[in-house]
Amino acid sequence: MSTQKFDPAMSLLQTAHTDDHFGVNQSINDSATFAFESGQQMTATFEGEHQAFLYSRHWNPSNMELCKSLAGMEGTESAWVTGSGMAAITATILQLCKTGDHIVSSLTTYGGTFAFFKNWLPQIGVEVTFVDIANLDEVEAAVKDNTKLIYTETMTNPLLQISDIPALSEIAKKHDVKLVVDNTFTPMIFSPIKLGADVVVYSMTKFINGKNDTTAGAICASEEFINSLIDLNTGTAMLLGPVLDSFRSSSIHKNLFTLHIRMKQHSKNAMYLAEKFKEYGLKVNYAGCKEHPQHELMTRMMNKEYGYGGMISIDLGSVKKASDFMALMQKKGVGYLAVSLGYFKTLFSNSGSSTSSEVPESYQKKMGLSEGLVRYSVGLDNHIEETFEVIKSCLKELGI
Ligand SMILES: *Cc1c(COP(=O)(O)O)cnc(C)c1O
């Protein structure tokens, strides 16, 4: 497989270069609009005959530098950045679908994505069929004449299911539909484009930025698709206007270059905790464990050196137990009882009552989301064994 040769971190690093004044970091471009030498040049730019920065909702130099790096990391021709992950997801979907079209989506997705599919898209006459993405026959059977795309997350939220991207890509190609993949949980670990996806979307709010100081999103794809998104007359991103601000773009760009080190440490710590939780006798869900139903699939698809990721879930059986446990862990300094992920401190939340609360109970049951599920985004702790001792003391104190 081509991914064995593709190294996202090295490919990313090659996109770093000095700016016009030999600053090692790109200067922040602080302009919403850009001047032209002549009226003719401006007209030519509007008509697509001249390449120049025009207006920041379309392109600006700071966003372009970040996008070059994201495209380098992902192995795509191009990329475009947005003010949130949901902006990246919705702009992509609305670019690919119009009234009367149909989408096949994994039943387990981020709660906001699920709500967009289930509640928002039907308002404009786009229909979505939810499937068990691990059941490839069910996926293919759901594809109809008006299907425009198959949507999934490489590692799904919050059940940490792994999507078989090469197999899904085969189905997509066979039926001439696009495969759109949300890779938010596993940047660098998976290179979905190299595995056959057409468009990769990210919430950069999470691991990519890793600082929880902003929301942001990214779309990585072919130049043709990115250009269609920002077409002055028809582009969804250009016309709905979800662009990322260049100040944030510049700060995320710098954080991006430590992502490979962070992912390795998140993965190392998560693997340690998962093994310890298992030994303790808890019901653990971690793709790095042999018991995980897609452990082998993940091992086959991943860029191995980055590990199995920073996300773990454990099932404590009830909301009450989960909530007492999380409050105690926060009190003892393990991390924060907060939604989101990819932060340097450990974050934990009870998925059913928080980030998946948009998903109705009947669907939660169908996807196997237990009410006592505690989702961990494991932090960058230098001595995770010490952290585990604290977690263990919390479990003991609550008689779990
Ligand atoms: C957080 C998240 C999103 C949404 O991103 P925002 O930046 O919060 O808009 C989408 N997909 C996944 C998998 C996420 O975790």
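All values reported here derive from a predicted model rather than from experimental measurement.

Chemist: I tried to follow the pairing of strand S5 (residues 178–182) on my own but got confused; where do I start?
Modeler: The two faces of the sheet receive side chains in turn, since in a regular strand these alternate between them. Extensive coverage of S5 is indicated by the burial of four of its five residues. Looking at chain direction, strand S4 (residues 147–153) and S5 are connected through five bridges and run parallel. Bridge pairing links glutamate 153 to aspartate 182 in S5. Crossover handedness for the path S4 to helix H7 (residues 165–174) to S5: right-handed. The sheet contact formed by S5 and strand S6 (residues 199–203) spans three bridges and is parallel. In the sheet register, aspartate 182 faces S6, and the bridge partner there is valine 201.

Chemist: Could you clarify how one ought to interpret the pairing of strand S11 (residues 346–350) in this entry?
Modeler: With five of five residues buried, S11 is to be regarded as a mostly interior element. Covered by surrounding structure in S11 are Thr346, Phe348 and Asn350 together with Leu347 and Ser349, the residues of both alternating faces. Pairing between strand S10 (residues 335–337) and S11: three bridges, direction parallel. Bridge pairing links tyrosine 336 to leucine 347 in S11. Examined bridge by bridge, S11 and strand S12 (residues 373–377) share four bridges and lie antiparallel to one another. Counted as the bridge partner of asparagine 350 is valine 374 from S12.

Thresholds applied
Residues numbered from 1 in each chain as written. Predicted model: local features only at pLDDT ≥ 70, side-chain atom pairs only at ≥ 80, totals over all residues. Heavy atoms only, no water. Buried < 20%, exposed > 50% of the residue type's maximum accessible area, 1.4 Å probe, protein only. Helix = DSSP H or I, 4+ residues; strand = E, 2+ residues; numbered from the N terminus. Pairing = 2+ DSSP bridges. Right-handed = clockwise from strand over helix to strand, strands pointing away.

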